[in-house]
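Structural characterization, general
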Amino acid sequence: MSMSKRRPPNVPTDVFKYVKMGEPDKCWEWTGGLSGVDSRPYFSVDGKKLIAYRLVYSLIKGVSLDALRGVLLRHSCDNHICCNPSHLVEGTHQQNMDDMKERARHGLPTNTVKAIKRLILKQIPYSAIGERFGVSKSLISEIANGRAYAHVSITDGRFNDPLHSEDILEKKENADQGRNNQENK
Ligand SMILES: [Zn+2]
């Protein structure tokens, strides 16, 4: 294949070409590429792979990506391909930890549990799922093997097959080694 005609390089605002922007209060889903073990939306600028919703957030809020370094952006809608800045909540790791305790005490909303179960089926590391939803890795593991939130069902029947869950659990435990806090390095 000839590469004689290359596309011009992306500029940051090109990110909006891949965002389905709709009503201000609805999710604006990412239609571009997904990358990494936890399939995050990404967009490349100057050869740098950026997390797409962080770039959108920075452009719309007028905060530089440098200023966002070390800031966690969590989805209040629990839709990890959503790029609507009003669905993104800034937090530090400490706030994330506090949130984690709070959510453990009061229980997770059903939609969140469903989203977590879908990600478990996609074999995403528990630590990455936990970070995304502000819950501990051990709770994700309990959800995976049916010790927690077993009453919340998703349409995929495999989830409720204990043998399959055990299988997932083992693979995840291996994949989890050394993958903590990957995003903010
Ligand atoms: Zn959203």
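Check the entry above for the structure.
Throughout, residues of each chain are indexed from 1 in the direction in which the sequence is written. Residue-level local features of this predicted model are given only where pLDDT is at least 70; pairs of side-chain atoms are given and counted only at 80 or more, and the full residue set underlies all totals for whole chains, interfaces and linings.

Grouped together as the largest cluster of nonpolar side chains are 17 residues, with contacts concentrated most on Ile 116, Leu 119, Ile 120, Ile 129, Ile 140 and Ile 143. Strands are runs of DSSP state E lasting at least two residues, helices are runs of H or I lasting at least four, and both sets are numbered from the N terminus onward. At the level of secondary structure, the elements contributing two or more residues to this core comprise helix 3 (110–121), helix 4 (126–133) and helix 5 (137–144). Residue contributions to this core peak at five residues, all from helix 3. To define a nonpolar core, we join buried Ala, Val, Leu, Ile, Met, Phe, Trp, Tyr and Cys residues through C-beta atoms within 7 Å and take the resulting set. Any residue whose C-beta has 12 or fewer other C-beta atoms within 10 Å is treated as exposed, any with 20 or more as buried, and any in between as partly exposed, C-beta atoms being built from the backbone. Ranked by size, the runner-up nonpolar core spans 15 residues in total, among them Val 19, Tyr 53, Val 56 and Tyr 57.

Strands were regarded as paired on the criterion that DSSP finds at least two bridges between them. In space, the three strands of this open sheet follow the order 3-4-5, with antiparallel pairing throughout. The open sheet has two edge strands, strand 3 (34–35) and strand 5 (48–51), and neither has a second partner. Relative to strand 4 (residues 40–45), strand 3 runs antiparallel, the two sharing two bridges. Across the sheet, residue Ser 35 finds its bridge partner in strand 4, namely Arg 40. Two residues form a contact once the distance between their C-beta atoms, set from the backbone, is within 7 Å. Angular values range over 0 to 180 degrees, each being the angle between N-to-C directions of two axes fitted as lines to C-alpha atoms, with helices fitted over their stretch in contact. Relative to the sheet, helix 1 (residues 52–61) contacts strand 4 and strand 5, its axis offset from that of strand 5 by approximately 75°.

Shape descriptors only; they carry no functional weight alone.
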